[in-house]
Amino acid sequence: MAALPAPIGKALKMQDKELRIKVILLEVDARSYLEKGIEEELKKYGSFQIELDYMTIPYSETEKQVRALRSCIGEKVQGVILSPINSPEIVKEIDACTLAGIPVVTVNTDIKGSRRQ
């Protein structure tokens, strides 16, 4: 039997592990739509054990979002879904997460110049 290609093999191995994804959203009018969209997409991965940990931050509180991103490294989450505040401090923390092996996906707005995926 031939070995499975690397991405498929990795995905199959992850099915047996619980994945914790931190969802950091801004308190904006579209938040409920973002949550609904995230939950709908999650249904496509029903064979995976994915736990979403939601956090909402007021739009103007950059430092709170910085602390939330920093905590992701300590909590060893497997990924971050982020509605980012556009600031150099947030870019720095996104980059720190990705360098620590934690993928960061942005929603609702992009944050150019960061290592987000």
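Calculation rules
- Residues numbered from 1 in each chain as written.
- Predicted model: local features only at pLDDT ≥ 70, side-chain atom pairs only at ≥ 80, totals over all residues.
- Heavy atoms only, no water.
- Pairing = 2+ DSSP bridges.
- Helix = DSSP H or I, 4+ residues; strand = E, 2+ residues; numbered from the N terminus.
- Right-handed = clockwise from strand over helix to strand, strands pointing away.
- Salt bridge = Lys/Arg side-chain N within 4 Å of Asp/Glu carboxyl O.
- Buried < 20%, exposed > 50% of the residue type's maximum accessible area, 1.4 Å probe, protein only.
- Core = buried A, V, L, I, M, F, W, Y, C linked by side-chain atoms within 4.5 Å.
- Contact = heavy atoms within 4.5 Å.
- Axes fitted to C-alpha atoms, helices over the stretch in contact; angles between N-to-C directions.

1. Concerning the pairing of strand β2 (residues 49–57)
Here comes step 1: With nine bridges joining them, strand β1 (residues 18–26) and β2 adopt parallel strand pairing. Its bridge partner lying in β2, K22 is registered against D53.
Here comes step 2: On the question of chirality, the crossover connecting β1 to the parallel β2 by way of helix α2 (residues 31–42) is right-handed.

2. Structural notes on the pattern of salt bridges
Think of it this way: side chains of opposite charge can pair up when their charged atoms draw near.
Here comes step 1: Under the criterion given, the structure shown has 10 salt bridges.
Here comes step 2: Ionic pairing is found between E51 and R20, a salt bridge with its closest N-O pair at 4.0 Å. Within this pair, whereas E51 is found in strand β2, its partner R20 is found in strand β1, the two being separated by 31 residues in sequence.
Here comes step 3: Accessibility expressed as a relative area gives 32% for E51, which makes it partly exposed.
Here comes step 4: We note a salt bridge from E41 to K44, for which the minimum N-O separation is 3.0 Å.
Here comes step 5: Relative accessible area serves as the criterion here: at 60%, K44 is assigned to the exposed category.
Here comes step 6: The network of salt bridges with shared partners includes R20, K22, E51, D53 and E75.

3. Some words on unusual backbone geometry
Here comes step 1: Phi is positive for K76, which is not a glycine, with a value near 55°.
Here comes step 2: Among the secondary structure elements, K76 is positioned in the loop between α3 (62–75) and β3 (79–82).
Here comes step 3: Residue classification places K76 among the exposed residues on the basis of a relative accessible area of 63%.

4. Looking at the nonpolar core
Here comes step 1: In this structure, I24, L69, V80, L82, I90 and I94 are the most contacted members of the largest nonpolar core, which totals 18 residues.
Here comes step 2: Breaking this core down by element, the ones donating at least two residues are β1, α3, β3 and α4 (88–99).
Here comes step 3: The residues contacting V80, other than those within four sequence positions of it, are I21, K22, I24, L69, C72, I102, P103, V104 and V105.
Here comes step 4: Formed by eight residues, the second largest nonpolar core is a distinct cluster that contains I21, V23, L25 and L34.

5. Brief notes about the sheet that holds β2
Here comes step 1: Spatially, the four strands line up as an open sheet ordered β2-β1-β3-β4, and their pairing is parallel. Looking at which strands have only one partner, the edges of the open sheet turn out to be β2 and β4 (104–106). Mean inter-strand twist for the sheet, computed between neighbouring axes without regard to direction, equals 20°.
Here comes step 2: Contacts from α2 reach β1, β2 and β3 within the one sheet, and its direction differs from that of β2 by about 170°.

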